[in-house]
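# Geometric and topological summary
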Amino acid sequence: ITLKNNFDIDLKNHDYKSSKFEYQNALSKFLPVLNTTSYIANYSGQILVGGVLRDAFHETALSINFKAEHRLFDGGQQIFEAKAKKYFERSKKNAYNYSISQSLYYCVKYYYEMLLAKISIEIYLKNLIERNAQLSLAQNLENSGFGTKFDVIRAKNETAQAKLSLLKALTDFRLSQTRLANLMGIKVETALMPFENDIKPLNLVLETQKIEDFYDLAINNREDLKELKNLISYEKQVKNTYVTEFMPKPLVDFQQQFQGTLSTSIKPNYILAGYLYWEPGKNCFMGTITKIKAQKEKIMAKKLEYEIKLRNLKEGIVNSYTQYLFNIKEMDVTKTRLEYSLESVKLAMLRFNNGKGILLDVIEAQSEVTQARVENVSAIIKYNISQADLLFNSGTITRDVIISNYKP
């Protein structure tokens, strides 16, 4: 749905199509200019011919003119203009492809953030039910003389915190729905619902791949880098068009005329002419020279922009790769912690039921389980997102790669 309806993709697609027609328009300038003119004129009255005034003159004159003009590349300007438009078209295509990659990445990211919020709601809802039950138990124990007011207050505080956590998860879920719906190009108020009932880690990148591998992939595949390269080439060709202002501009002109009157026959005549126009730059050289210098600065700025993009890209790959390695270890740690937390609740309940433990121990153990569940789910989600981040930063993210190991 995102690939079909995303507004940014659609916008970039129209920009690309427009640039294609601009390139075709530049190529059309290599063709000669063709035009035709004609007239019919009715003459009557008196006319002076050879010093003799002719009376009662009446004649209808006809003229048809066909003209073909070719500027012979206009001193090279047409060539460089066509090259400039070619690189500009390529840059727009790169921008269009990059918008697809970007939309795919954010689709994955927003989807898993929404899924995290949904699972968090389930965890915090269960936690709130347990806290309410624990509060009732604490109040009953206090009323029967086996509990303390401290236990009741602590249970009330845990219940309030559970309500706040649930409220935050509900808010995050609604905001994530809106964010993803907007990206998908559907009604923003649509209440999207993730499919999974469980969270599973995806395997989108090979564990054997290193930072250098991702960086090399990015150099060859990132569409925004290709876009900047083509824009640099475009600016260079624009500079070359300015240089052609110093060049002489030849012109070939061919005309065929048919002239005569209604009373006589129409006879053809032909004109073939060559012209050479030369202006040594605009405004006594200075106009052209200053334009060339300004264009050189634009080229330098684009090159610096490319270098900055490269540096930021490498930083992004390092960050996402480091996060990816951390998330692998984090999943193991949070899984182990969740197992320990569940075991801790069992032991706390066992001690409390046998009169060797206190209610506070049970409350704290259950709170730890809730936190451990959220952290474990969050670690898996961040692991999946970090892999999508690596694919995006390396320029290799595609729909097929994303869903290759997707088995809800």
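Per-chain numbering applies: the sequence of each chain, read as written, is numbered from 1 onward. The predicted origin of the model limits local features to residues at a pLDDT of at least 70 and limits the giving and counting of side-chain atom pairs to 80 or more, whereas totals for whole chains, interfaces and linings rest on all residues. Side-chain calculation: all heavy atoms of the structure are included, whereas hydrogens and water are not.

## What about the pairing of strand β3 (residues 249–261)?
For two strands to be treated as a pair, DSSP must find no fewer than two bridges joining them. Counting from the N terminus, the helices are the DSSP runs of H or I reaching at least four residues and the strands are the DSSP runs of E reaching at least two. Summarising the sheet, β3 and strand β4 (residues 267–277) pair through 11 bridges and their orientation is antiparallel. The residue of β4 that forms the bridge with F258 is P268. Connecting β3 to the antiparallel partner β4 that follows it, the hairpin turn spans five residues.

## Concerning the packing of aromatic side chains
Working definition: rings of Phe, Tyr and Trp (its six-membered ring) pair if their centres are within 6.5 Å, and the pair is stacked with planes under 30 degrees apart, edge-to-face with planes over 60 apart, and tilted otherwise. Under the defined criterion, the tally for this structure stands at 13 aromatic pairs. Ring centres of F66 and F258 lie 6.3 Å apart, and the angle between their planes is 85°; this geometry places the pair in the edge-to-face category. In this pair, F66 sits in strand β2 (residues 52–70) while F258 sits in strand β3, placing the two residues 192 residues apart along the sequence. We classify F66 as partly exposed; its relative accessible area is 40%. For each residue, the accessible area found with a 1.4 Å probe, counting protein chains only, is set against the maximum for its type, and the residue is called buried under 20%, exposed over 50%, and partly exposed in between. Residue class for F258 comes out partly exposed when judged on its relative accessible area of 26%. Aromatic pair Y321 and Y324: ring centres 6.1 Å apart, planes at 45°, arrangement tilted. Of this pair, Y321 and Y324 are both found in helix α7 (residues 286–353), three residues apart, which corresponds to roughly one turn of the helix. Accessibility assignment for this pair places Y321 and Y324 in one class, buried. Every member of this aromatic cluster is reached through a ring pair, and the members are Y98, Y105, Y106, Y110 and F392. Here the basic side chain of R222 rests over the ring of F392, its NZ or CZ set 5.1 Å away from the ring centre. Criterion for a charge above a ring: Arg CZ or Lys NZ at most 6 Å from the ring centre, at most 35 degrees from the ring normal.

## Notes on the side chain of S91
Structurally, the position occupied by S91 is in helix α3 (residues 77–144). Among all residues touching S91, those that are not within four sequence positions of it are E227, N230 and L231. Contact between two residues is taken to exist if any of their heavy atoms lie within 4.5 Å; hydrogens are not considered.

## Focus on unusual backbone geometry
Positioned with a positive phi, F73 is a non-glycine residue whose angle comes to about 75°. With respect to the secondary-structure elements, F73 resides in the loop between β2 and α3.

## Regarding the environment of L217
Within the fold, L217 resides in helix α5 (residues 211–221). Along the backbone, L217 and L391 are 174 residues apart, and their C-alpha atoms lie at a distance of 9.4 Å. Apart from the residues within four sequence positions on either side, L217 is in contact with Q209, R222, S394 and T396.

## Quick word on the packing of α5 against helix α6 (residues 223–243)
As a rule, the C-alpha atoms of each element are fitted with a line to give its axis, helices using only the stretch in contact, and angles between N-to-C directions run from 0 to 180 degrees. Interaxial distance between α5 and α6 falls to 6 Å at its minimum, and their mutual angle equals 45°. By the angle between their axes, α5 is oblique relative to α6. Two secondary-structure elements touch here, α5 through A218, I219, N220 and N221 and α6 through E223, L225 and K226. Gly counts as polar in this scheme, as do all residues outside two lists: the nonpolar Ala, Val, Leu, Ile, Met, Phe, Trp, Tyr, Cys and Pro, and the charged Asp, Glu, Lys and Arg. Here the contact of α5 with α6 is built from residues that sort into three nonpolar, two polar and two charged. For classification, angles of less than 35 degrees are called roughly parallel, those exceeding 145 degrees roughly antiparallel, those between 65 and 115 degrees roughly perpendicular, and all remaining angles oblique.

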